[in-house]
Amino acid sequence: MPGAPGAVTATTTGSAITLSWGAAGGTVTGYRVYEGTAVKATTTGTTATISGLAACETHTYTVKAYNAQGESPGRDATATTTGCTGGGGTLPRHFLTGYWHNFVNPAVELKLSAVPNEYDLVAIAFGEATANAGEVVFSVDPGLATAVGGYTDAQFRADVAALHQRGKKVILSVGGEAGRVQVASAAAATRFADSVYALMQSYGFDGVDIDLENGLNATYMAQALRSLRAKAGSDLIITMAPQTIDMQSTGMEYFKLALSIKDILTVVHTQFYNSGSMLGCDQAQAYGQGSVNFMTALACIQLENGLRPDQVALGLPAGPGAAGGGVVAPSLVNQALDCLAKRTSCGTFVPPRAYPDIRGAMTWSINWDASNNWQFSKTVKPHLQGMP
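Fair warning: this is a prediction, and the values are worked out from it, not measured in the lab.

1. Topic: the packing of aromatic side chains
- Counted according to the given criterion, the structure contains 16 aromatic pairs.
- Relative to Tyr-203, the ring of Phe-138 lies with its centre 5.2 Å away and its plane at 85 degrees, an arrangement referred to as edge-to-face. Of this pair, Phe-138 sits in the loop between strand 11 (136–137) and helix 1 (142–147) while Tyr-203 sits in helix 3 (residues 186–203), placing them 65 residues apart in sequence.
- Look at Tyr-203 and you get buried, because its relative accessible area is 5%.
- An aromatic cluster is present here, built from Trp-100, Phe-138, Tyr-151, Phe-156, Tyr-203 and Phe-205 joined pairwise through their rings.
- Note that Arg-32 overlies the ring of Tyr-66, its terminal NZ or CZ placed 3.8 Å from the centroid.
- Just above the ring of Tyr-34 sits the side chain of Lys-64; from NZ or CZ to the centre is 5.2 Å.

Dropping the structure here:
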């Protein structure tokens, strides 16, 4: 059996990744390049190009030497194709976001290290308020630590770093249903920026998710996020998770915030659940949650009123238990994405144009996905990878 190949290096374009590696010791018939269990290339040399990829996609490959006796141990390499757009560093052209619970509820409790590879962006739920308006704090929840057999802040930090090594991004979500973070003054905006930046430095977070379900002030939150951007730089990821009512018109505070920071905003993944029926961009009728029409007609409001398609994603529950209403089969999320990207697989609502740059999907949550046998991520992520 041959020895392991030498270290693997990668060069990228917008549609291809070229791998090069050192020759393996022993008798070598050739080399196989795997992505997961799938063979992507076979060669007798020490280089291979995997083409036909989408721009700004991250892939992890394993190179193994082989001969008649079998295969060598593998050498891994992770690389991202060029062509990334929007704020927030190197996220794929179409990506999957999932929330990770820093608390105990009926879903499966997980250490951050258990997040599967299908997730590109992990939002830590949640950063919490203090008595000082605007200040955000975070630490591993003691109840969660007990539930997973022990979990320290140091272990959590190491898991964030390990996700980075896998090419993932990790952000801190601020708010949630019970969240009480308030940014309603210049002083609170400064405290928000200072405290979130300190948490980014301490834990390795790549940005922040605004998930304030108890109201926000667009003026001062915009001030806070611009201050944070000035500290963190252009790789800062900023996402938002408004409820459907928050994005019904550009007069809503959440929508005003999104438009006012459009130049530094990564993505808005509206929660298309726990909503009831809502008007779509056609203003023709109220569409019921849990349908392709609901997702596409409501996303269309954002797409036709100022946000770029690469700043719009669909937020859905990961399965039964994750929400009180609006749970859909993951296959319907894929249909809605195709309807928006290509105007195919639509329901009765057909958007006025195609948005091939639609950014992707979000799910609440990774823990609920685990509770439902990973059906959401295993269905939606491959579809996102196959989108134009």
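2. Observations concerning the pairing of strand 19 (residues 360–364)
- A large share of strand 19 lies buried, amounting to 5 of its 5 residues.
- Examined bridge by bridge, strand 9 (residues 95–101) and strand 19 share 4 bridges and lie parallel to one another. Its bridge partner being in strand 19, Gly-98 is matched across the sheet by Thr-363.
- Handedness of the crossover is the feature at issue here: the chain leaves strand 18 (residues 312–317), passes through helix 7 (residues 330–342), returns alongside strand 19, and the resulting connection is right-handed.

3. Details of the side chain of Thr-62
- Mapped onto the secondary structure, Thr-62 falls in strand 6 (residues 58–67).
- A polar side-chain atom of Thr-62 sits 2.6 Å from a polar atom in the side chain of Asp-76.
- What Thr-62 contacts, discounting residues up to four positions off in sequence, is Arg-32, Val-33, Tyr-34, Gly-74, Arg-75 and Asp-76.

4. Quick word on the sheet that holds strand 5 (residues 47–50)
- The antiparallel open sheet is built from 3 strands, whose spatial order is 1-2-5. With one partner strand each, in any of the chains shown, strand 1 (8–12) and strand 5 form the two edges of the open sheet. Each adjacent strand pair in this sheet contributes to an overall mean axis angle of 20 degrees, direction not counted.
- Note that strand 1 and strand 2 (residues 17–21) share 5 bridges and pair antiparallel. Bridging from a neighbouring strand, Ala-10 pairs with Leu-19 of strand 2.

5. Structural notes on the packing of helix 6 (residues 292–303) against helix 7
- Relative to each other, helix 6 and helix 7 sit at 40 degrees, their axes nearing to 9 Å. Taken as axis vectors, helix 6 and helix 7 run oblique relative to one another. You can see that helix 6 and helix 7 cross each other, and the crossing is right-handed. In contact with Val-292, Met-295, Thr-296, Ala-299 and Leu-303 of helix 6, helix 7 contributes Leu-332, Val-333, Gln-335, Ala-336, Cys-339 and Leu-340.
- Of the residues in the contact of helix 6 with helix 7, the class split is 9 nonpolar, 2 polar and no charged.

Cut-offs used in this document
Residues numbered from 1 in each chain as written. Predicted model: local features only at pLDDT ≥ 70, side-chain atom pairs only at ≥ 80, totals over all residues. Heavy atoms only, no water. Phe/Tyr/Trp six-rings, centres within 6.5 Å; stacked < 30°, edge-to-face > 60°. Helix = DSSP H or I, 4+ residues; strand = E, 2+ residues; numbered from the N terminus. Buried < 20%, exposed > 50% of the residue type's maximum accessible area, 1.4 Å probe, protein only. Lys NZ or Arg CZ within 6 Å of the ring centre and 35° of its normal. Pairing = 2+ DSSP bridges. Right-handed = clockwise from strand over helix to strand, strands pointing away. Polar contact = N/O pair within 3.5 Å; in protein donor to acceptor, adjacent residues only side chain to side chain. Contact = heavy atoms within 4.5 Å. Axes fitted to C-alpha atoms, helices over the stretch in contact; angles between N-to-C directions. Parallel < 35°, antiparallel > 145°, perpendicular 65-115°, else oblique. Left-handed = near helix turned anticlockwise from the far one by under 90°. Nonpolar A, V, L, I, M, F, W, Y, C, P; charged D, E, K, R; others polar.

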